[in-house]
Amino acid sequence: MKPAAFAYAKARSLDHAIELLGTREGARVLAGGQSLIAALNMRLDAPPLLVDINGVSGLDRIERPDGQVEIGALVRHAQALGSQVVARDAPLIARALPHIAHPAIRNRGTVGGSIAYADPAAELPACLLALAGEVDITGPAGRRTVKADDFFLGLFETALGPGEILTAIRVPAATPQMRCGFAELARRHGDYALVGLAACARADGAGLRDSRFVFFGVGATPVRARKAEAVLDARGFDGLDEAVAALADDLHPEDDIHASGKAKRHLAGVLLRRVVREMQDPWA
Amino acid sequence: MNIAVRDDLNDPALQKFGVGQPVARSEDPKLVRGEGCYTDDVSRPGQVYAVMVRSRHAHGIIRNIDTSAARAMPGVLAVYTGADLQAAGYGTLKNILPLKNRDGTPMRKPPRPALPTDKVRCVGEPVAAVIAETLNQAKDAAEAVVVDIEPLPAVIAMEEADTPDAPQLYEEAPRNIAVDFHYGDSEKVAAAFAQAAHVTRLRMVNSRVVVSAMEPRACIAEYDAATGRFTLHVGCQGVFGMKNQLVDVLGVPPDKVRVLTGNVGGSFGMKAAAYPEYIPCLHAARELGRPVRWTADRSESFLSDHHGRDQVFDCELALDKDGRFLAWRATGYANVGAHLGNVAPLMGTLNIVKNMNSLYRTPAIEVSTKAVFTNTVLVSAYRGAGRPEGNYFMERLIDVAAAEMGIDRVEIRRRNMIQPSEIPYTSPSGSVYDSGDFPGVLDRALKAADWDGFEQRKKESAKRGKLRGRGLGCFLEVTAPASKEMGGIRFEPDGTVTFITGTLDYGQGHATPFAQVLVDKLGIPLDRIRLVQGDSDQLLVGGGTGGSRSGQNSSAAAVEAAEKVIEKGKLIASHLLEASAADIEFARGRFVISGTDRSIGLLELAEKLRGGMNLPPDVPSTLDVSHVSEGVPSTYPNGCHIAEVEIDPETGVVEVVRYVTVNDFGTLLNPMLVDGQLHGGVVQGIGQTLGEMTTYDADGQLLTGSYMDYALPRASTVPNIEVLYHPVPATTNPLGVKGCGEAGCAGALTSMMNAINDALAEFGIRHFDMPATPQRVWQAIQEAKRKKAA
Ligand SMILES: Cc1cc2nc3c(=O)[nH]c(=O)nc-3n(C[C@H](O)[C@H](O)[C@H](O)COP(=O)(O)OP(=O)(O)OC[C@H]3O[C@@H](n4cnc5c(N)ncnc54)[C@H](O)[C@@H]3O)c2cc1C
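Please read these numbers as outputs of a predicted model, since none were measured by experiment.

About the criteria used
- Residues numbered from 1 in each chain as written.
- Chains lettered and ligands numbered in written order.
- Predicted model: local features only at pLDDT ≥ 70, side-chain atom pairs only at ≥ 80, totals over all residues.
- Helix = DSSP H or I, 4+ residues; strand = E, 2+ residues; numbered from the N terminus.
- Rg over C-alpha atoms; globule rule 2.2 N^0.38 Å.
- Buried ≥ 20, exposed ≤ 12 C-beta atoms within 10 Å, placed from the backbone.
- Contact = placed C-beta atoms within 7 Å.
- Core = buried A, V, L, I, M, F, W, Y, C linked by C-beta atoms within 7 Å.
- Near = placed C-beta within 6 Å.
- Pairing = 2+ DSSP bridges.
- Axes fitted to C-alpha atoms, helices over the stretch in contact; angles between N-to-C directions.
- Domains from an automatic or database assignment.
- Expected span 1.5 Å × (residues − 1).
- Nonpolar A, V, L, I, M, F, W, Y, C, P; charged D, E, K, R; others polar.

Peer 1: Tell me about the overall build of chain A, residues and numbers included.
Peer 2: A count of helical and extended segments in chain A gives 12 helices and 14 strands. Its C-alpha radius of gyration of 19 Å places chain A within 12% of the 19 Å reference for a compact globule of 284 residues. Taking the principal axes of the C-alpha coordinates as reference, chain A spans close to 60 × 45 × 35 Å. Put simply, chain A has 284 residues, and 49% of those count as buried. For chain A, the proportion of contacts with a sequence separation of at least 24, taken over those separated by at least 6, is 60%.

Peer 1: Lay out the nonpolar core with the relevant residues and their values.
Peer 2: Residues Ile53 and Leu92 of chain A together with Ala50, Val130, Ile131 and Ala221 of chain B are the most contacted members of the largest nonpolar core, which totals 333 residues. The element best represented in this core is helix α20 (residues 743–760) of chain B, accounting for 11 residues.

Peer 1: Explain the site of the ligand residue by residue, including any values.
Peer 2: Residue and element names in this part refer to chain A. Taken together, 31 residues surround the ligand, and among them Gly32, Gln34, Gly109, Gly113 and Ala122 come closest. Listing elements by their share of the shell around the ligand, those giving two or more residues are β2 (28–30), α2 (36–41), α7 (111–117), α8 (123–130) and β10 (165–172). The biggest single contributor to the shell around the ligand is α7, with 5 residues.

Peer 1: Quick one: what's the story with the sheet that holds strand β23 (residues 590–593) of chain B, residue by residue and with numbers?
Peer 2: All names here are of chain B. Taking strand neighbours across the sheet as the criterion, the 3 strands line up as β22-β23-β24 in an open arrangement whose pairing is antiparallel. The sheet is open, and its two edges are formed by β22 (584–587) and β24 (599–601), each paired on a single side. Within this sheet the neighbouring strands show an average axis-to-axis angle of 20°, counted without direction. Where β22 meets β23, 4 bridges bridge the pair, whose relative direction is antiparallel. Looking at the pairing, Phe586 lines up with Phe591 of β23.

Peer 1: So what's going on with the domain arrangement of chain A? Residues and values would help.
Peer 2: Often, the extent of an interface is quoted as the loss of accessible area upon association of its parts. Domain parsing of chain A yields domain 1 (7–52), domain 2 (62–172) and domain 3 (180–280). For domain 1 of chain A and domain 3 of chain A, the distance between their C-alpha centroids amounts to 35 Å.

Peer 1: How would you sum up helix α12 (residues 387–405) of chain B? Please name residues and give values.
Peer 2: Residue and element names in this part refer to chain B. Compared with the 27 Å implied by 1.5 Å per residue over 19 residues, the 27 Å span of α12 between its first and last C-alpha is a close match. With respect to burial, α12 is a largely interior element, 16 of its 19 residues being buried. One or two residues past the end of α12 sits Gly406, with phi positive at roughly 70°.

Peer 1: Outline the interface of chain A and chain B, supporting the account with residue identities and numerical values.
Peer 2: Every contact between the two is made by 16 residues of chain A and, on the other side, 18 residues of chain B. Sort the elements by how many residues they give to the side of chain A that touches chain B and helix α12 (residues 261–280) of chain A lands first, with 3 residues. A breakdown of the residues in the side of chain A that touches chain B according to their chemical character gives 10 nonpolar, 3 polar and 3 charged.

Here it is as structure tokens:
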């Protein structure tokens, strides 16, 4: 084994998991383990206790409540990718899933884990935000629901408090008017994105309304390009150049070893053009 | 794959299993089922675990290493530091290259103990070894070793290392220069440049790569107190050479060390050296009386396996008015890293001299290389070890020269290629090219790649908003020089035949092609032949694998050994068949009295000998031979790769869309395996040119320390690779074999970078250095546009 020693407990139920999390300060939820175990193996992190929620029943369902799609926290990426409901009613998520890592990782990694981990370059947090979804959380103080807009707080930092478990995410189901678009640039297929864009809007005549363009890989959290959105809502597709220019105000990516901040902003513009074109004519 | 047609193949066994046939590798079923035995699969009774404590500083003075807390932890048996090894009297790890400075003084080879006592010189350098009952105990204790290092400023870039104010790694190496190497007749070269009609000058980087063998390095050390003998199980490139390196460090007689190697999961030059980690493990085995095992985890591999390439050269080509080459000059740097590795800096010195000239006629050459120490991981041999670098520098120079002079890039190559009629050809570095049809190879490649149809494809790419470029990469490599090799043949009690040789298969699949040679020469059925290569006790000599020498040397040793078996067999058979030895012929596995139907099979004869025969004293009592071949001279594998790429100018993403390679590897022992070698080499070349970017920060921390950041190519990065052959057998070894293991890289670096540069020429970019990551390509396009606008 590679990580530092830790205690392990397998939760029988959601309540049991919450109870276990309360027994040790710094205890952590173990879901698919595809991010957590890697960090432990590199000894970047050494929690005293892992609470394995994989045996908790009821968290691995994909449901279709009225007008919404609900994905349980333990739904594996691969399971979501194979789901008819996701394909039909949450097409943005279906578009994003193949970009997450590789089959072996998608077989274990969970939707809830991706959202809770909140990697700034991950696909699903951006989709959740673009779709104006929400997150169900259960903790020692009971249940609550948090809007995606209020969930992602900082680098790997979310609204989840100590001892809380994310149980499901919910997004509005697709309607005939809904347009979505997705694109990302990665070093190689399956890598975390250098820059990515998840977008959602309502088609209105020749233009878009209520658009939400969420970039990832360009900041500490998924970032809504609010100025660009406003331009597109106001001017329609004619405003594309102006919207791209507005990204200069919306995005402030920093340099990393793969790309300079400047290059990332340029690439964000390239993605915006590609995605908007696609939303303009989804059947092209 | 195309298979050589042989007229002697009326024998069905030869048709299926003889030399030249695409026989599947005998080890494959085992390896793909996970039944191979790599070093870490070996388990020894009573074994304990070693974990290395590594430096987190790139450069610093070791003030103190406090091991007391670690030693008190559960399960810990010992913690060793450099001081312990020094007290035990071990020697240092050696560099074997006899290079001289241009002033005639020898290369500076600072002594390198396995664990340093004075300074650390790169992040990842081991400074202590913790030995414990379990791996976890050793890991936990390793974190408790307190290493007090007084940090010193680090130097990372080669050119910076060679400045008066640069931090100096070794007192004995001012300006961090290990060797100031020079080759060539400066006056003659200067004269050629003076009368040139055109001179092309280009500064080129051959970028640093992390070797990334699939199997990490590992060892298990044992010591037998009764005999005073060390045994090391270790992945390497030749047990005989590894044994000699260890004998030297341990300071014991040669018979006190045994090296055992099982399956090896890739090495590419990297595992050839005796690494520091092996020494504390051997020491611990002796001190503790228990087997001691160590396996690198992947993060350690990044920080401790020798890296590859890392050269920067100013290259110059002098041409007459018709574009004929008059001379070339290469002046530059080779990074050696924190210490001199076993064969560093062969790659940036002698192998540039030998290989940069490639298959062209250039009368005068000059190479000046400063090999410099830096606070980075050691740089040593990596697939080609200077051959791909040299070929790359030449081919880029040629493309740029052609563009500058307005000569077609194919035409300029044709004008300068050595013609078949000029062979044997003595190159300016003294190599004698014995065979080859360079223009023939080029023609076939152009045809196979549909070179002339490019414009159409380019237009089609442009419609999709993509830039398209094509790149030629001709290459010629000089494989390893002659060195002794063993060819042992042993007839075993169970009726099998063992072939013993000192090259080592680390993934190439040696067992099958070497067996094919014996099928051919002795008529032994393929499935009866076993290969022994990984036990130093069974070798009289062994040159190891490296420099693409195994096929040519072990096949020659096999042929020579087989001849000895036949000679002996004739004497024995003549006694048995009651005929004169002169009347005995050997064909297809049988000794026959000429002109009769009386005969005995080779294996039958071996069986009879085992049963006991009454033989007169002048007749050999065994068919076994322990032959030592003198080795065969360097061969000159050559070929032409043609790559086509598409670049998305908006994102800088490069995609390889077509890839063709035509090669002359002489006689192919087994074309299926040669195809595999080519595929692997090309993929590594594509990896180096597109994604693999080793990045250090200014403090000497390796930023690309995992595969999340270090972008190896993936299946989706690689196009279909068309591999064709245009064989001209070598005349200097019995089967006409030429080395093929490194050639894929030699052709791929050149064709890839020429193709990328071809596509970028649209923006007026004269030369773009590898690696062509999206960021770097995009940046280059932006800069070019800015320049144009200004
Ligand atoms: C090589 C590789 C490549 C990858 N590439 C990508 C990629 O391109 N895009 C991408 O999005 N991801 C990528 N991933 C990450 C993968 O998607 C992970 O599966 C995911 O980020 C985390 O999900 P998990 O179920 O594995 O969570 P875990 O690793 O088990 O947990 C991650 C973190 O989330 C917490 N957590 C998990 N579930 C819950 C919960 N229900 N409630 C509260 N906290 C919870 C854990 O405590 C932990 O802190 C990659 C992973 C690897 C190893």
